[in-house]
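# Examining the three-dimensional arrangement
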Amino acid sequence: MSHLAYTYLSVGKLVECEILDSQVLEIRIRIQGIGHPDTLTSMSNLAHAYGNLGKWTEAEIMGTQVLEMYTRILGKEHPYTLTSMSILAQAYGNLGKWMEAEMMGTQVLEMRTRILGKEHPYTLTSMSSLAHAYGNLGKWTEAEMMGTQVLEMYTRILGKEHPYTLTSMSILAQAYGNLGKWTEAEMIGTQALEMRARLLGKEHPYTLTSMSILAQAYGNLGKWTEAEIMGTQVLEMRTRILGKEHPDTLTSMDNLAQAYGNLGKWTEAEMMGTQVLEMRTRILGKEHPDTLISMSILARAYGNLGKWTEAKMLATQVLEMYTRILGKEHPYILTSMSILAQAYGSLGKWTEAEMMETQVLEMRTRILGKEHPYTLTSMSILAQAYGNLGKWTEAEMMGTQVLEMRTRILGKEHPYTLTSMSILAQAYENLGKWTEAEMMGTQVLEMRTRILGKEHPDTLTSISSLAQAYGNLGKWTKAEMMGTQALEVRTRILGKEHPYTLTSMSILTQAYGNLGKWMEAEMMGTQVLEMRTRILGKEHPDTLTSISSLAQAYGNLGKWTEAEMMGTQVLEMRTRILGKEHPDTLTSMDDLAQAYGNLGKWTEAEMMGTQVLEMRTRILGKEHPYTLTSMSNLSHAEEGNLCLKVLCKEMRVAGTSVQRKGSKVMKYDDQ
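Conventions we followed
- Residues numbered from 1 in each chain as written.
- Predicted model: local features only at pLDDT ≥ 70, side-chain atom pairs only at ≥ 80, totals over all residues.
- Heavy atoms only, no water.
- Helix = DSSP H or I, 4+ residues; strand = E, 2+ residues; numbered from the N terminus.
- Buried < 20%, exposed > 50% of the residue type's maximum accessible area, 1.4 Å probe, protein only.
- Contact = heavy atoms within 4.5 Å.
- Lys, Arg positive; Asp, Glu negative; His and termini not counted.
- Charge placed at Lys NZ, Arg CZ, Asp CG, Glu CD.
- Expected span 1.5 Å × (residues − 1).
- Salt bridge = Lys/Arg side-chain N within 4 Å of Asp/Glu carboxyl O.
- Polar contact = N/O pair within 3.5 Å; in protein donor to acceptor, adjacent residues only side chain to side chain.
- Axes fitted to C-alpha atoms, helices over the stretch in contact; angles between N-to-C directions.
- Parallel < 35°, antiparallel > 145°, perpendicular 65-115°, else oblique.
- Left-handed = near helix turned anticlockwise from the far one by under 90°.
- Nonpolar A, V, L, I, M, F, W, Y, C, P; charged D, E, K, R; others polar.
- Core = buried A, V, L, I, M, F, W, Y, C linked by side-chain atoms within 4.5 Å.
- Phe/Tyr/Trp six-rings, centres within 6.5 Å; stacked < 30°, edge-to-face > 60°.
- pLDDT = per-residue confidence, 0-100.

### Looking at the overall build of the protein chain
Each helix and strand counted, the protein chain has 31 helices and zero strands in total. Oriented by its inertia axes, the alpha-carbon framework of the protein chain measures out at about 125 × 40 × 40 Å. Within the protein chain, the fraction of its 671 residues that count as buried is 54%. Relative to all contacts within the protein chain whose residues are 6 or more apart in sequence, the contacts with residues 24 or more apart total 57%. Of the charged side chains in the protein chain, 66 are positive and 74 negative, and the gap between their average positions amounts to 0 Å.

Below, the structure is given as structure tokens:
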């Protein structure tokens, strides 16, 4: 019966294996007694069966009991005792007790090497298990080194198609994936899947593990459709074979949620992520590392859906628990910090985003290396933070560096490379390099449309960004057409109140203003401001942008008093929230100077215009388009003020009084 149970295990019939192992144990206890070595072997086998079925608490309880009895009866260095230690170490690993797993695994490896020899299959099994423990603890280089060593020895001793050899290939594929060696992970993962499917069958649990690892490799490589297809297939088979609440099934759900997120299927990602989190919390516990991974994935889904407050709350919770459980420098902690930094950025807390991502970048560079894909992600996020904070030169420098490295490491058409191009195009636009921004934006849009599809959220971002570039270059009809297209698709796909949809409305408002469609600009600007105030809050930077745009619309419509009032309000808020030298604050000063000029307050217009020009020249450079706009506006203010003085002098000479009248000053949209 015991041999048959092992056969069941080998062919992946895990339930039948558990049933038979339970029967054997009951009979041996009744006939041979609880302390007989054969009985202990049956207990050890059943603990192993529990582990395979995802009954990790039961595996730990029985494994602990077996180890204590083996140690007392056979001695601490007996091979059976070492086997029970190995099984218990696996139980620790499955339960998220990764430090305990590493400690026990190291102890077993040392004793097996000394007692059985360094090339005994059991010794190699210990090396393989320890490599897995290293991977869980974020010791990815050690995992790769040991995994490579084990694979070489297994291949030489047992043959390249032995199941243990294939297991070591899978572990090494995971190590490659963690280290950012995604092409190598795909190659070895494909090889392991082909052999396991042929030798074990396409529905064996180990084959499904290989499929899951390969799906992850696809996702990392930007092959998101392939990742979704394979992930869906694995989830269906694991649900049918292992059950819907088996930990491996939950892992498949998590992986598929990530695939949905990458493909822009953010609602599906949120739904599946919520389901997985509930099940992992109930089955594994709220502090199990896998549960925290689910929380991180759900936080990312919230962020994509514009639920930035929820994303921040969940990411903060994950960060606190990860830090307490895994230590402050585990790669998973750095991922949660990065997600939190993105949430800060989305919420307009740009200084906090910069501070946190700077910290993440320093640690990732030190721990993972400067060219690891995760390090490049931190550089990309930090470049965005620089852009938001008005540090446009720094944003351009870092964006250029990231783009070069991602192109070289990931390839020029990887979605992450395209993200870097998009961020750099934004930096060009901010710096007034509008032709370069248009050229790069056009290139990104073409590639994203071809690779991701015309309705992927990243593609829509490119359409929206290019519309802005057209507006800056005076191609206002094109800007309106493209902005209208982005708004229609985003409204349909993301919903009319998603922050990205509101961004499209804001860009279209600017296009209307440039085209002289001032009533349409006022109507849409009013609508955007109301929604942003309600959804993002009245002091969010995007809300302030809407106030600024609406003030410009008022100015164009001759509602100069309203323009002055709103412009004064936004200047005060931007000065307080963003700082007095932030480019957006300077834009508000310039707009208010124009409002003063329109109202005939030419002295105030000249004073403020002079101040803006000095600051823009110092901060942006004397040839930046915004600086040139300030020069032109100041010239108008000076002319108006001079005319007023001359007129006053003439009227005094004539003995009559003068009434100041406003005359409309040329409108420049530099936002």
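### A word on helix H27 (residues 541–556)
With 16 residues, H27 should cover 22 Å at 1.5 Å per step; its first-to-last C-alpha distance of 23 Å lies within 8% of that length. In the segment just after H27, Gly-558 is the residue with positive phi, at about 80°.

### A closer look at the pattern of salt bridges
When the charged atoms of two side chains lie near each other, side chains of opposite charge can form a pair. This model, assessed by the stated rule, comprises 41 salt bridges. Linking Lys-601 and Glu-564 is a salt bridge whose minimum nitrogen-to-oxygen distance equals 2.8 Å. Of the two residues, Lys-601 is situated in the loop between helix H29 (583–598) and helix H30 (602–619) and Glu-564 in helix H28 (residues 560–577); the sequence distance between them amounts to 37 residues. The partly exposed category is assigned to Lys-601, whose relative accessible area is 29%. For Glu-564, a relative accessible area of 14% gives the class buried. Arg-616 is paired through a salt bridge with Asp-590; the nearest N and O atoms lie 3.2 Å apart. One end of the pair, Arg-616, is in helix H30; the other, Asp-590, is in helix H29, and 26 residues separate them in sequence. The two residues Arg-616 and Asp-590 agree in class, both being buried. A single salt-bridge network, built from bridges that share partners, covers Glu-77, Glu-110 and Arg-114.

### Topic: the side chain of Ser-126
Secondary-structure assignment places Ser-126 in helix H7 (residues 121–136). According to the relative accessible area criterion, Ser-126 is buried, its value standing at 3%. Contact partners of Ser-126, with chain neighbours within four places excluded, come to Val-108, Leu-109 and Arg-112.

### Some details on the environment of Met-279
Looking at the element boundaries, Met-279 is found in helix H14 (residues 266–283). It is 33 Å that separates the C-alpha atoms of Met-279 and Val-108, two residues lying 171 residues apart in sequence.

### Observations concerning the side chain of Ser-210
Considering the arrangement of structural elements, one finds Ser-210 in helix H11 (residues 205–220). At 3.5 Å, the side chain of Ser-210 and the side chain of Ser-170 are in polar contact. Leaving out residues up to four positions away in the same chain, Ser-210 has contacts with Ser-170, Ala-192, Leu-193 and Arg-196.

### Details of the packing of helix H24 (residues 476–494) against helix H25 (residues 499–514)
Packed helices, taken two at a time, are described by the angle their axes make and the gap between the axes. Where H24 contacts H25, the two axes come as close as 8 Å, and the packing angle between them is 155°. By the angle between their directions, the pair H24 and H25 is classed as roughly antiparallel. Remark: the crossing between H24 and H25 carries left-handed chirality. Each of Trp-476, Ala-479, Glu-480, Gly-483, Thr-484, Ala-486, Leu-487, Arg-490, Thr-491 and Leu-494 in H24 lies in contact with H25, whose residues at this interface are Tyr-500, Thr-501, Thr-503, Ser-504, Met-505, Leu-508, Ala-511, Tyr-512 and Asn-514. Here the contact of H24 with H25 is built from residues that sort into 10 nonpolar, seven polar and two charged.

### A look at the nonpolar core
Ranked by size, the top nonpolar core spans 41 residues in total, and within it Met-253, Met-272, Met-295, Met-337 and Met-356 carry the most contacts. For this core, the secondary-structure elements that each account for two or more residues are helix H13 (247–262), H14, helix H15 (289–304), helix H16 (308–326), helix H17 (331–346) and helix H18 (350–367). If we skip the residues at most four places from it in the chain, Met-272 touches Leu-235, Met-253, Leu-256, Ala-257 and Tyr-260.

### A closer look at helix H6 (residues 98–116)
In this model H6 runs 25 Å from its N-terminal to its C-terminal C-alpha over 19 residues, within 8% of the 27 Å that 1.5 Å per residue would give. Buried within H6 we find Trp-98, Ala-101, Glu-102, Met-104, Gly-105, Val-108, Leu-109, Met-111 and Arg-112. Following H6 by one or two positions, Gly-117 adopts a phi angle in the positive range, close to 105°.

### Section: the packing of H13 against H15
Direction vectors running N to C along H13 and H15 enclose 20°, while the axes themselves pass 10 Å from each other. One element, H13, and the other, H15, form an angle in the roughly parallel class. Classified by chirality, the crossing of H15 by H13 is left-handed. Contact residues: H13 offers Asp-254, Ala-257 and Gln-258, while H15 offers Asp-290, Ile-293, Ser-294 and Ile-297. Within the contact of H13 with H15, the residues separate by chemical class into three nonpolar, two polar and two charged.

### Comments concerning the packing of aromatic side chains
In this structure the tally under the stated criterion is 10 aromatic pairs. Ring geometry for Trp-140 and Tyr-374: centres 6.4 Å apart, planes at 75°, overall edge-to-face. Within this pair, whereas Trp-140 is found in helix H8 (residues 140–157), its partner Tyr-374 is found in helix H19 (residues 373–388), the two being separated by 234 residues in sequence. Under the relative-accessibility criterion, Trp-140 is labelled buried at 3%. Their ring planes at 70° and their centres at 6.5 Å tell us that Trp-182 and Tyr-416 sit as a pair that is edge-to-face. Taken together, the positions of Trp-182 in helix H10 (residues 182–199) and Tyr-416 in helix H21 (residues 415–430) put the pair 234 residues apart, joining distant regions of the chain. Three or more aromatic residues link up through ring pairs in this structure, and these residues are Trp-98, Tyr-322 and Tyr-332.

### Some points on the environment of Met-253
On the secondary structure map, Met-253 appears in helix H13. Exposure remark for Met-253: the relative accessible area of 6% places this residue in the buried category. Along the chain, Met-253 and Ala-197 lie 56 residues apart, while their C-alpha atoms are 22 Å from each other. Discounting residues that sit within four places of it in the chain, Met-253 has contacts with Leu-235, Met-272, Gln-275, Val-276 and Met-279.

### Digging into the confidence of the model for the protein chain
In the predicted model, the protein chain carries a mean pLDDT of 90, and the fraction of residues at 70 or more is 92%. Confidence scores differ between elements of the protein chain, with helix H1 (residues 2–10) showing the lowest mean pLDDT of 56 and helix H20 (residues 392–409) the highest of 97. The low-confidence segment residues 655–671, where pLDDT is below 50, has 54 contacts with residues more than four positions distant or belonging to other chains.

### A few points about the environment of Ser-635
Looking at the element boundaries, Ser-635 is found in helix H31 (residues 625–654). Residues Ser-635 and Gly-609 lie 26 residues apart in sequence; the distance between their C-alpha atoms is 8.9 Å.

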